[in-house]
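# Inside the fold
Residue-level listing of the chains:
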Amino acid sequence: VQLVESGGGLVQPGGSLRLSCAASGFTVSNYFMRWVRQAPGKQRELVATITSGGITNYADSMKGRFTISRDNAKNTVYLQMNSLKPEDTAVYYCHVPMRDVWGRGTQVTVSS
């Protein structure tokens, strides 16, 4: 069972990134999944969630800017991030709570 995040990088404020979380060993559409981020010196923070039925939810500061989605054929969960701000700088992790599986994370840096 494995999660591998990708798509992070350096982006200017106002820019966009799409993160991917590729799963192996299980089927993402069967599980509640979430994106969590951790900024330097701060606790992990919930970003967005998606249920097995496809219902999504977001932290207040991400609503309207971030979109979580899933491609069942690719067994991958995505996080589309728009209108990025410097305070969005963090390592972003994919997580399956029911199996307590974490990816290694992908770094997102928002800076001019």
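The coordinates are above.
Since we're looking at a predicted model, the values are computed, not measured.

### Describing the state of the cysteines
Summed over the entire model, instances satisfying the criterion amount to one disulfide. Residue pairing for Cys-21: its cysteine sulfur links by disulfide to Cys-94, the two sulfurs lying 2.1 Å apart. Measuring the twist about the S-S bond at about -85°, one finds the Cys-21-Cys-94 disulfide to be left-handed. Here the residue Cys-21 occupies a position in strand S3 (residues 17-24), and Cys-94 occupies one in strand S9 (residues 90-96), the gap between them amounting to 73 residues. Assessed through its relative accessible area of 0%, Cys-21 is described here as buried. By relative accessible area, which is 0% here, Cys-94 ends up buried.

### Re the pairing of S9
Taken across its seven residues, S9 has seven buried, putting it largely inside the fold. Relative to strand S11 (residues 106-110), S9 runs antiparallel, the two sharing three bridges. Bridge pairing in S11 places Tyr-92 opposite Thr-106. Sheet analysis places S9 next to strand S10 (residues 101-102), joined by two bridges and oriented antiparallel. Across the sheet, His-95 pairs through a bridge with Trp-102, a residue of S10. Hairpin remark: S9 followed by S10, antiparallel, with four residues in the connecting loop; positive phi at Asp-100, about 50°.

What counts, and where the lines are drawn
Residues numbered from 1 in each chain as written. Predicted model: local features only at pLDDT ≥ 70, side-chain atom pairs only at ≥ 80, totals over all residues. Heavy atoms only, no water. Disulfide = S-S within 2.5 Å. Helix = DSSP H or I, 4+ residues; strand = E, 2+ residues; numbered from the N terminus. Buried < 20%, exposed > 50% of the residue type's maximum accessible area, 1.4 Å probe, protein only. Pairing = 2+ DSSP bridges.

What is shown is where atoms sit, not what they do.
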